[in-house]
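Notes for the structure review
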Amino acid sequence: MTTEHPLDNPAWTALRTTQAELATGSGQALRYDQDYAIFAAAVDHAPAPLAALGALIRETGPAIVLEREALPPVPGTMVEKWREGVQMVAETLAPWDAPCDFVALGDADAAEMLALATLTEPGPFFARTHQLGDFIGVKREGRLIAMAGERMKPAGFTEVSGVCTHPDFRGQGLAGALMRVVAVRIAARGETPFLHAYADNQGAIGLYEWLGFRLRCNVSVTVLRGENGSQKQ
C-alpha cells in the first residue's frame, strides 16, 4: 500500500500527527487508546507492519481497520466482519437557513452521550469518545435527544462523527442541523470536514450530499480479532 493522501489511511495519519498522544503500539502499527476509539492501522501493507498490527490486536483486543485499499490477511488475526464504506469530504458547505438550538457537550454529559450512542448505534462510541473533539447536542426538558461531534483528526482534516438522534425525535432535521454546525466550525479552523458511511446506507449518504459532502473514495472497513483463542478479552 502506498498512502498518497492523509485520508487514505486516516487512523494512521491521525495517530502519527494531531492525536499521537492517544496512540498505543509500535512505529509500524498503532491503535487508539480503547477508552476513545477502536480503530487501528499499519503504516503500510508490507509483511513487517502487518505482523506488528496482528501482534497489537492479539495483545489489546478487537479493532477496526478503515482505509482506502483492501486489507490483506493480517497474521494471527481473523476477520470478524467486513463492509464496504464511503469516505466523503466537504470542501464547500451548502448554505442552510435552518438554525438549531444546541448546547456544548462535555464531561458532565458523558453518561448521557454514551447512553444515546448505545441506543442509536451511530458507530463505535466509548467512555471517552466525546473527548476526541468538540461535541454539541440538543436537549429537551433537560434530556439529551441528539448530538454530533468530531473523531479522527488527520492533520488538516477532522472527521464528523457520533451523529445520532433519539428515535422519539427523528424526522425533525436535528442530525443535519448539528452536522452542519460541526462541519462549519471545522472549516472555520482551516480544516476540511470529512466523514464515513457504509456504502449501502443511501439515506445517510443523501443527507450528507445535501449538506455539501462529496464522495472522495470507497473504503474498506474490516473488524479484526485474534484467532484461535489468542484474543485478549
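In short, a report on the structure.

Time to look at the overall build of the protein chain. Helices and strands together make up the secondary structure of the protein chain, namely five helices and eleven strands. Over its C-alpha atoms the protein chain spans a radius of gyration of 18 Å, differing by no more than 12% from the 17 Å that the globule rule assigns to 233 residues. Across its three principal directions, the C-alpha atoms of the protein chain cover 50 × 35 × 30 Å. Per-residue burial over the protein chain gives 50% buried out of 233 residues. Long-range pairs, those at least 24 residues apart, make up 71% of the contacts in the protein chain between residues at least 6 apart in sequence. A distance of 1 Å separates the average location of the 20 positive side-chain charges in the protein chain from that of its 27 negative side-chain charges.

So, about the nonpolar core. Core analysis: the largest hydrophobic core is formed by 26 residues, its most contacted members being Met 88, Val 138, Val 160, Leu 178, Met 179, Tyr 208 and Phe 213. Looking at this core, the elements with two or more residues in it are strand S5 (77-89), strand S7 (135-140), strand S8 (143-150), helix H4 (174-188), strand S10 (192-198) and helix H5 (202-211). In terms of residue count, H4 provides more of this core than any other element does, eight residues in total. Residues in contact with Met 88, not counting those within four places in the same chain, are Pro 193, Phe 194, Leu 195, Ile 205, Tyr 208, Glu 209, Phe 213, Arg 214, Leu 215 and Arg 216. Core analysis: the second largest hydrophobic core is formed by 24 residues, Tyr 36, Ile 38, Ile 64 and Val 221 among them.

For the structure shown, the criterion picks out two aromatic pairs. Ring plane angle 85° and centroid distance 5.9 Å describe the contact between Phe 125 and Phe 135, whose orientation is recorded as edge-to-face. Of the two residues, Phe 125 sits in the loop between helix H3 (110-120) and S7 while Phe 135 sits in strand S7, which places them ten residues apart along the sequence. Take Phe 125 and Phe 135: they sit in the same class, and that class is buried. Pairing Phe 157 with Phe 194 gives two aromatic rings, centres 6.5 Å apart and planes at 85°, and the pair type is edge-to-face. Pair noted here: Phe 157 is in strand S9 (residues 157-165) and Phe 194 is in strand S10, with a separation of 37 residues, a long-range link. One Lys or Arg, Arg 83, reaches over the ring of Tyr 198 and ends 3.6 Å from the middle of that ring.

Two pairing modes exist for strands in a sheet, parallel and antiparallel, and in both the strands are linked by backbone hydrogen bonds. Judged by pairing direction, the sheet is mixed, and its eight strands sit side by side in the order S4-S11-S5-S10-S9-S8-S7-S6 without closing on themselves. Strand pairing shows two members of the sheet lacking a second neighbour, strand S4 (63-67) and strand S6 (103-105), which therefore form its edges. Strand after strand, the sheet turns through a mean of 35° between neighbouring axes, direction not considered. In terms of strand pairing, S5 meets S10 through five bridges, oriented antiparallel. Paired with Gln 87 across the bridge in S10 is His 196. Against the sheet, helix H2 (residues 47-60) contacts S4, S5 and strand S11 (214-226), and its axis sits at roughly 60° relative to S11.

This part covers H4. Spanning 15 residues, H4 covers 21 Å between terminal C-alpha atoms, matching the ideal 21 Å at 1.5 Å per step. Burial runs high along H4: eleven of the 15 residues are buried. Looking at H4, one finds that the buried residues are Leu 174, Ala 175, Gly 176, Ala 177, Leu 178, Met 179, Arg 180, Val 181, Val 182, Ala 183 and Ile 186. Buried residues belonging to H4 abut S7, S8, S9, S10 and H5.

What follows concerns the side chain of Ser 220. Mapped onto the elements of the fold, Ser 220 is located in strand S11. The exposure class assigned to Ser 220 is buried, which follows from its relative accessible area of 5%. A polar side-chain atom of Ser 220 sits 3.5 Å from a polar atom in the side chain of Thr 222. When sequence neighbours within four positions are dropped, the list of residues in contact with Ser 220 reads Val 65, Leu 66, Glu 67, Arg 68, Glu 69, Ala 70, Leu 71, Trp 82 and Arg 83.

This brings us to the environment of Pro 73. With respect to the element layout, Pro 73 can be found in the loop between S4 and S5. With relative accessibility at 75%, the residue Pro 73 sits in the exposed group. Separated by 26 residues in the primary sequence, Pro 73 and Pro 47 place their C-alpha atoms 9.9 Å from one another.

The rules we used
Residues numbered from 1 in each chain as written. Predicted model: local features only at pLDDT ≥ 70, side-chain atom pairs only at ≥ 80, totals over all residues. Heavy atoms only, no water. Helix = DSSP H or I, 4+ residues; strand = E, 2+ residues; numbered from the N terminus. Rg over C-alpha atoms; globule rule 2.2 N^0.38 Å. Buried < 20%, exposed > 50% of the residue type's maximum accessible area, 1.4 Å probe, protein only. Contact = heavy atoms within 4.5 Å. Lys, Arg positive; Asp, Glu negative; His and termini not counted. Charge placed at Lys NZ, Arg CZ, Asp CG, Glu CD. Core = buried A, V, L, I, M, F, W, Y, C linked by side-chain atoms within 4.5 Å. Phe/Tyr/Trp six-rings, centres within 6.5 Å; stacked < 30°, edge-to-face > 60°. Lys NZ or Arg CZ within 6 Å of the ring centre and 35° of its normal. Pairing = 2+ DSSP bridges. Axes fitted to C-alpha atoms, helices over the stretch in contact; angles between N-to-C directions. Expected span 1.5 Å × (residues − 1). Polar contact = N/O pair within 3.5 Å; in protein donor to acceptor, adjacent residues only side chain to side chain.

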